[in-house]
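# Inside the fold
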Amino acid sequence: MLRLSKKVQSLPPYLFLEIDKAKRKARQEGRDIIDLGIGDPDQPTPMHIIDALNQAARDPANHRYALDQGMPALRQAIASWYKARFNVNLAPDTQILPLIGSKEGIAHFPLAFLNAGDISLIPDPCYPPYKGGTILAGGSAHLMPLLEENNFLPDLKRIPFLARKKAKMIFVNYPNNPTNACASDGFYRELIDFAKRNKIIVISDLAYSEMVYDGYKARSLLEFPGAQDVVIEFHSLSKTYNMTGWRLGWASGNPRLIAALAKVKSNIDSGIFSAIQLAGVAALSTGQDFTAKMCQLYQERRDILVSGLQSLGWQVTKPKATFYLWIKIPGSSDSMSFASRLLKEADIVATPGVGFGRYGEGYIRMALTVPKERIREALERLKKIS
Ligand SMILES: *Cc1c(COP(=O)(O)O)cnc(C)c1O
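My aim in this report is to walk through the structure given alongside it, one point at a time. Just so we're clear, the structure is a prediction, and the values are computed from it rather than from any experiment.

Following the criterion strictly, the structure yields 20 aromatic pairs and no others. For the pair Y82 and F86, a centre-to-centre distance of 5.2 Å together with 50° between the ring planes defines the contact as tilted. Here the residue Y82 and the residue F86 both occupy positions in helix α4 (residues 72-86), the gap between them amounting to 4 residues, near one helical turn. Like F86, Y82 is buried. Cluster of aromatic residues (ring-pair linked, three or more members): W81, Y82, F86 and W250.

What follows is the structure in structure tokens.
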């Protein structure tokens, strides 16, 4: 048999395999599993977005290949959304590129700028496509540990000279999956300065900007002075509008970076189904009411789960954004064994931190994507095994 390519061989192993297998087996046995593992909203897409898709799907004009660079109506809706939300001006023609979900764009972007031997600066723990995209482009990852003592921000001063010199891009993601940390203004200013001094592209993954609590408001990196020279920011309708399955996101920022990603993509895909793009326009034109309602729902779940875990003596704090809790594992067990134990003894699925990188060891992630009653039931079960 032909060997897999070196690139594919060097992709990180999929560490959630074991848990996935155990979860499937438990379900087959008829056990009542509470799945706090998935980062996927449990609530449906709002009906007016579904209606917009239905209507657009009936129009034959939408049945043909879509424009590679996305429909003008969608790019304009994204520009208006950015202006209203962040007071950032983006030119719809040159600074916005719709994507088949932001993961697609994030994973393809390194192909535009990495040559063999080039480095991406990647946070650890992190969302897996930062590493995957880098490796598939022939680059290598220099990991920046996200540590609690630094509020889960990378310490840019500790990046070694050689890595800094060979680096073409740096990935950041705030509000952060999996640690739920948020970036300070000071960190963003330092990051832009660092990128300019070292000629490094900044990739900002803003998927969770709208899932915020207690009055916190996440900022776009593009709000900061000088950012438009070095930043490409990725956003998504997945989490904000409960649209993970629809596959719609976008990149925005520096025109040269946007054009480079568009060039890569024009060789890979042929645009996004126009009816989905028009549904995206309907989503982005939704008032803030829907988002506020969803945040309220996650916030109630957060409060129940955090105070419940705290009363069991677990070390966990209330996140001000994202729908994840990042929890220090009680006792001395590693994250894989702890997650297995939760599944075996309490029929609860949680994600082992090491699956996001080795600095995720010692933690598990729980998602607030199940109803309150199920969270209360999970706490009852945990009480019995603690
Ligand atoms: C969910 C998520 C995304 C969004 O992915 P889509 O491909 O747009 O669905 C991006 N980044 C992070 C960190 C995520 O958790």
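To continue, consider the side chain of S238. Of note, S238 is situated in the loop between β7 (231-236) and β8 (249-253). Given a relative accessible area of 6%, S238 falls into the buried group. With sequence-adjacent residues up to four places away left out, S238 is seen in contact with P41, M243, T244, R247 and L248.

This next bit is on a nonpolar patch on the surface. A cluster of nonpolar residues, L4, V8 and L136, forms a patch on the protein surface that exposes about 260 Å² of accessible area. By secondary structure assignment, the location of L136 is in helix α6 (residues 129-136).

Calculation criteria
Residues numbered from 1 in each chain as written. Predicted model: local features only at pLDDT ≥ 70, side-chain atom pairs only at ≥ 80, totals over all residues. Heavy atoms only, no water. Phe/Tyr/Trp six-rings, centres within 6.5 Å; stacked < 30°, edge-to-face > 60°. Helix = DSSP H or I, 4+ residues; strand = E, 2+ residues; numbered from the N terminus. Buried < 20%, exposed > 50% of the residue type's maximum accessible area, 1.4 Å probe, protein only. Contact = heavy atoms within 4.5 Å. Patch = residues over 30% accessible without salt bridge, like charges linked within 9 Å, V, L, I, M, F, W, Y side chains within 5 Å. Areas by Shrake-Rupley, 256 points an atom, 1.4 Å probe, with all protein chains shown as cover. Salt bridge = Lys/Arg side-chain N within 4 Å of Asp/Glu carboxyl O.

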